[in-house]
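Listed below, chain by chain, are the residues.
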Amino acid sequence: MANHKSALKRIRQTEKRTARNRHIRSTMRNLVKQVREAAGKKDGETAKKALDRAVPLINKAASKGVIHKATASRKISRLTKLVNELG
């Protein structure tokens, strides 16, 4: 265990940051899953609504550094393409 005051503070900060990142990442994954499930059921309207909720959160995850910006771009692109193919 750390002995220095600064090391103990870093541990506390890391725990907070990890919890925040985990929440953002899991929420993003759940929204992506909702889009894919709606697309799998050929439900275009529900998929479009789910996509509208997912895109801002994916962008937020990228801006916060939880995921890389290219990963965010790729996810958004693939989900948009999937929803657009439904018609």
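Source: prediction; values computed, not measured.

A.B. asks: Looking at this structure, how should I read unusual backbone geometry?
C.D. replies: With the exception of glycine, most residues fall at negative phi, and the peptide bonds are largely trans. Positive phi, close to 60°, is recorded for Lys 42, a residue that is not glycine. Here Lys 42 shows up in the loop between α1 (5–40) and α2 (44–63).

A.B. asks: Help me understand the pattern of salt bridges in this model?
C.D. replies: Pairs may arise between side chains of opposite charge once their charged atoms sit close together. Counted under the stated rule, the structure contains one salt bridge. Between Asp 52 and Lys 48 there is a salt bridge, with its nearest N and O atoms 3.4 Å apart. You can see Asp 52 and its partner Lys 48 sitting in helix α2, four residues apart, about one turn around the helix. Residue classification places Asp 52 among the partly exposed positions, given a relative accessible area of 45%.

A.B. asks: Explanation requested: the nonpolar core in the structure shown.
C.D. replies: One recurring pattern in soluble globular proteins is that nonpolar side chains are buried together. In this structure, Val 35, Ile 58, Ala 61, Ile 67 and Leu 79 are the most contacted members of the largest nonpolar core, which totals 19 residues. Those elements giving two or more residues to this core turn out to be α1, α2 and α3 (69–86). Here Ile 67 is in contact with Met 28, Ile 58, Ala 61, Ala 62 and Ala 72, once residues within four sequence places are set aside.

A.B. asks: I'm lost on α2 in this one. Help?
C.D. replies: Helical periodicity: at 3.6 residues per turn, an α-helix aligns residues three or four positions apart in one direction. With 20 residues, α2 should cover 28 Å at 1.5 Å per step; its first-to-last C-alpha distance of 28 Å lies within 8% of that length. Of the positions making up α2, those classed as buried are Ala 47, Ala 50, Leu 51, Ala 54, Ile 58, Ala 61 and Ala 62. In the core, the buried residues of α2 are packed alongside α1 and α3. Downstream of α2 by one or two residues, Gly 65 has phi in the positive range, about 85°.

Conventions and cut-offs
Residues numbered from 1 in each chain as written. Predicted model: local features only at pLDDT ≥ 70, side-chain atom pairs only at ≥ 80, totals over all residues. Heavy atoms only, no water. Helix = DSSP H or I, 4+ residues; strand = E, 2+ residues; numbered from the N terminus. Salt bridge = Lys/Arg side-chain N within 4 Å of Asp/Glu carboxyl O. Buried < 20%, exposed > 50% of the residue type's maximum accessible area, 1.4 Å probe, protein only. Core = buried A, V, L, I, M, F, W, Y, C linked by side-chain atoms within 4.5 Å. Contact = heavy atoms within 4.5 Å. Expected span 1.5 Å × (residues − 1).

Coordinates in, geometry out; function isn't part of it.
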